[in-house]
Amino acid sequence: MDVIKLASAHFFEGLDALNRGRFKAAEESFLKSLELVPDRPSTLCNLSIAYAKMERYEEALVICNKAIALKPDFAEAYTNRGDVLYWMGLLDDAIESCNKAISLRPDSATAYSIRGNSMKKLRRLDEALANYDIAIELKPDFYEVYFNRGNVLKEFKRLDEALGSYDKSIGLKPNFSAAYLNRGMALTELKRLDEALVSYDKAIALNPNFAEAYFNRGNALTELKRPDEALVSYDKAIELNPNFAEAYFNRGNALKEFRRLGEALESYDKAIALKPSYAQAYGNRGMALTELKRLDEALVSYDKAIVLKPDHYVTLWNQANLLLLLGNFTRGLKQYEYRGSRQEFSKHRRHKLPLLLDAALIKGKTLLIYNELYFGDMIQFCRYAILAEHKGAKVIISAQNNLHDLLATLSPSIEIIPEKTEPNRFDYHVPLMSLPLAFHTELETIPANVPYLHSDKARVARWNQIIGDHGFKIGICWQGSNLSEESGRSFPLMEFGKLSQMPNVRLISLQKYDGIDQLERLPSNMKIERLGDEFDSGPQAFLDTAAVMENLDLVITCDTAIAHLAGALARPTWVALKYVPDWRWFLDRNDSPWYPTMRLFRQDKPEHWQSAFEKMELAIMDLLKSFQIGEIK
């Protein structure tokens, strides 16, 4: 066999090995061919591909350049050179090489594809998409380009189009596990979570060692509120990739959901060990430490997160809650302004007129106060409207529509207007929960003049006829709204079991909507009185509740709007609080500086309501003694 034929035989052996993914064997065959015919550009070009596949990019680049030197119009060599430069991160050079390839061979779909990939990396997404479209026009069965096109469309949030591109890629290559993964991610963003799970499962079936697919499967299960299954997926992702910091982070989040806080901390610590700049992991670690009441450590963890990412607003807001819980209003109220980063909070309304930053400026001015989120917040912080009036302001409150009649009792000169509306003229505006900051509130200067809301006398008299005067009457509420993200603040109705057995005690339900179903499952020896379907059935909230409270000896409630209403009415109120409560209840005190007639009963350890109710039961016994001798009216 002559030299040329033998060189060609080695060349075709190399091509066959290259196509089979046997890159080392391909290298050996191409080198044998080059020993016989050293200056064949096509052999050099394919050798460069073998080197690139083995991630030996420097060698691949040298070989590409040699092929181009031998054949300056060799379009394929420029294309391969562009691919090598792309993988080396030399993106502008990669684009230049692809430009040369395209000028030599305008129908090179591969050159357009590589140029698109380089532009995508450079965040020139419109140009990347245009290149992918040309590549597909030139080569309609180019499955990789459909995949990359889908990725750009996903970044543009054109998710339905991205799905179409992934589906086309999968149609051309049914075993393309990465396309199933990214398809699942697009479906997750579209909140089509069950379909996303199917896509992730297909990716895993095709590639059982696909850690990224298990990770994203865990994310979808988390959104579906299936944290136990999510945890299994995160564990599998970590088993396959022990250095997967994001999987440890999300695993920590799932464990936190299960209240397995110590294990959650371990997961966050592992994520941080793998990725020391992981600001979000430090932030969530601070949340777990807060719930464990390791508050000094939590502050340090939050500080670390903020140093790493000063604009990490969610962490700034979470730390603000802890600072306020500790009574640090000076720093805490300023950071509390970052609450706008939380999706559940309304953003500040945008006005040309100034946001109120200092209440000293409002004398003779018109101030617009507007609601943010929950009823309880409005009931608690509307007290500042009275302070604003005392400083000489004309006050207008844009409030939840079904609170208007209750808020009208604040002051006859305070104007209440529908939520999301504005007066024709005002000088300053302020969101409700920025009022403590504007009034420079400190722990010692919390305005606590109660009552500042009032019940309707006619309603009070009507409910007195219904309820009667006999017995020691306790209004009870055990569950807050399911809309709130504040977890662990509600307790089971059965916690009132012992109180219900005490002689002369009447438990009267103030519960509405969420949690009312628990009344249907009471044991026969536990009596809770109901106030009927007419109780607060009108369009205005809490009017009957306020009137009923005036006829009660005591209100016992979880941390919800009922607590704030009872406190605002200056009714005797006991609040059962979780181990680490919302900031407004502070720590380790049995009174509330917001509400002088309120007493606080706290869990001694997480999830342990029994400890709070045991203290209540003893306190009730003392109250009943006074009641029996007529000291309580």
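Just so you know, these numbers come straight off a predicted model, no measurement behind them.

Engineer: Can you explain the packing of aromatic side chains? Please cite residues and give values.
Structural biologist: As enumerated under the stated definition, the model contains 28 aromatic pairs in all. Look at Tyr86 and Trp87: their rings are 5.0 Å apart centre to centre, the planes differ by 75°, and that puts the pair in the edge-to-face class. With 5.8 Å between their ring centres and 65° between their planes, Tyr336 and Trp583 make a pair best called edge-to-face. Separated by 247 residues along the polypeptide, Tyr336 in the loop between helix 20 (329-335) and strand 1 (366-370) and Trp583 in the loop between strand 8 (573-577) and strand 9 (591-592) bring together distant segments of the chain. Overall, the relative accessible area of 3% leaves Tyr336 in the buried class. Residue classification places Trp583 among the buried positions, given a relative accessible area of 3%. Over the ring of Phe74 we find Lys71, and its NZ or CZ is 4.7 Å from the ring centre. Directly above the ring of Tyr513 sits Lys512, whose terminal nitrogen or CZ lies 5.4 Å from the centroid.

Engineer: Requested: an account of the packing of helix 5 (residues 75-87) against helix 7 (residues 109-121), with residues and values cited.
Structural biologist: The interhelical angle for the contact between helix 5 and helix 7, taken along N-to-C directions, is 20°, at an axis separation of 9 Å. Comparing their axes, helix 7 and helix 5 come out roughly parallel. For the element pair helix 5 and helix 7, the recorded crossing hand is left-handed. Counted together, Thr79, Gly82, Asp83 and Tyr86 of helix 5 and Thr110, Ala111, Ile114, Asn117, Ser118 and Lys121 of helix 7 form the full contact between these two elements. Split into classes, the residues belonging to the contact of helix 5 with helix 7 amount to 3 nonpolar, 5 polar and 2 charged.

Engineer: How would you summarise the sheet that holds strand 9 if you had to cite specific residues and measurements?
Structural biologist: With mixed pairing, 6 strands are arranged side by side in an open sheet as 6-5-7-8-10-9. At either margin of the open sheet sits one strand with a lone partner, and together these are strand 6 (505-509) and strand 9. Pairing of strand 9 with strand 10 (residues 595-602) involves 2 bridges; the strand directions are antiparallel. Within strand 10, the residue paired with Asp591 across the bridge is Arg599. With respect to the sheet, helix 28 (residues 561-568) is in contact with strand 5 (472-477), strand 7 (554-557), strand 8 and strand 10, its orientation differing from that of strand 10 by roughly 145°.

Engineer: Can you explain the pairing of strand 7? Please cite residues and give values.
Structural biologist: Successive residues of a regular strand alternate their side chains across the two faces of the sheet. Burial along strand 7 is two-sided: Leu554 and Ile556 and Val555 and Thr557, pointing in opposite directions, are all buried. As paired elements, strand 5 and strand 7 share 4 bridges and run parallel to each other. Of the residues in strand 7, the one forming a bridge with Ile474 is Leu554. The sheet contact formed by strand 7 and strand 8 spans 3 bridges and is parallel.

Engineer: Describe helix 9 (residues 143-155), and please don't skip the residues or the numbers.
Structural biologist: The terminal C-alpha atoms of helix 9, which comprises 13 residues, lie 19 Å apart, in line with the 18 Å expected from a rise of 1.5 Å per residue. For helix 9, the tally of buried residues reaches 10 of 13 residues, placing the bulk of the element in the interior. Here helix 9 has its buried residues at Val145, Tyr146, Phe147, Asn148, Arg149, Gly150, Asn151, Val152, Leu153 and Lys154. Contact partners of the buried residues in helix 9: helix 7, helix 8 (125-138), helix 10 (159-172) and helix 11 (177-189). Within two residues after helix 9, Lys157 carries a phi angle of roughly 65°, on the positive side.

Engineer: Could you give an account of a nonpolar patch on the surface, with specific residues and numbers?
Structural biologist: Nonpolar side chains collect at one region of the surface, where Val3, Leu6 and Leu36 lie side by side and expose about 200 Å² of accessible area between them. Given a relative accessible area of 31%, Leu36 falls into the partly exposed group.

Engineer: Which residues make up helix 10, and what values do they have?
Structural biologist: An ideal rise of 1.5 Å per residue puts 20 Å on 14 residues; helix 10 measures up with 20 Å between its terminal C-alpha atoms. Three or more residues of helix 10 are buried, namely Leu159, Ala162, Leu163, Ser165, Tyr166, Ser169 and Ile170. Seen end-on, helix 10 carries its buried residues on one side only, within an arc spanning 165°. Projecting away from the buried face of helix 10 at angles above 90 degrees are the exposed residues Asp160 and Gly171. Taken together, the buried residues of helix 10 touch helix 9 and helix 11.

Engineer: Give me the pairing of strand 6: which residues, what numbers.
Structural biologist: Counted residue by residue, strand 6 has 5 buried out of 5 residues, so it is predominantly covered. Because side chains alternate across strand 6, one face comprises the buried residues Val505, Leu507 and Ser509, and the other comprises Arg506 and Ile508, equally buried. Where strand 5 meets strand 6, 5 bridges bridge the pair, whose relative direction is parallel. Looking at strand 6, one finds that Gly475 is bridged to Ile508.

Engineer: Outline the environment of Asn525, listing residues and values.
Structural biologist: Within the fold, Asn525 resides in the loop between strand 6 and helix 27 (543-549). With 48 residues separating them in the primary sequence, Asn525 and Thr573 have C-alpha atoms 25 Å apart.

Engineer: Tell me what's going on with the pattern of salt bridges, and back it up with residues and numbers.
Structural biologist: Tallying each qualifying case throughout the model produces 43 salt bridges. For Lys120, the salt bridge identified is with Glu155, shortest N-O distance 3.4 Å. Within this pair, whereas Lys120 is found in helix 7, its partner Glu155 is found in helix 9, the two being separated by 35 residues in sequence. On the accessibility criterion, Lys120 (21% relative accessible area) is partly exposed. Using a relative accessible area of 34% as the deciding quantity, one classes Glu155 as partly exposed.

The rules we used
- Residues numbered from 1 in each chain as written.
- Predicted model: local features only at pLDDT ≥ 70, side-chain atom pairs only at ≥ 80, totals over all residues.
- Heavy atoms only, no water.
- Phe/Tyr/Trp six-rings, centres within 6.5 Å; stacked < 30°, edge-to-face > 60°.
- Helix = DSSP H or I, 4+ residues; strand = E, 2+ residues; numbered from the N terminus.
- Buried < 20%, exposed > 50% of the residue type's maximum accessible area, 1.4 Å probe, protein only.
- Lys NZ or Arg CZ within 6 Å of the ring centre and 35° of its normal.
- Axes fitted to C-alpha atoms, helices over the stretch in contact; angles between N-to-C directions.
- Parallel < 35°, antiparallel > 145°, perpendicular 65-115°, else oblique.
- Left-handed = near helix turned anticlockwise from the far one by under 90°.
- Contact = heavy atoms within 4.5 Å.
- Nonpolar A, V, L, I, M, F, W, Y, C, P; charged D, E, K, R; others polar.
- Pairing = 2+ DSSP bridges.
- Expected span 1.5 Å × (residues − 1).
- Patch = residues over 30% accessible without salt bridge, like charges linked within 9 Å, V, L, I, M, F, W, Y side chains within 5 Å.
- Areas by Shrake-Rupley, 256 points an atom, 1.4 Å probe, with all protein chains shown as cover.
- Salt bridge = Lys/Arg side-chain N within 4 Å of Asp/Glu carboxyl O.
- Arc of directions from axis to C-beta.

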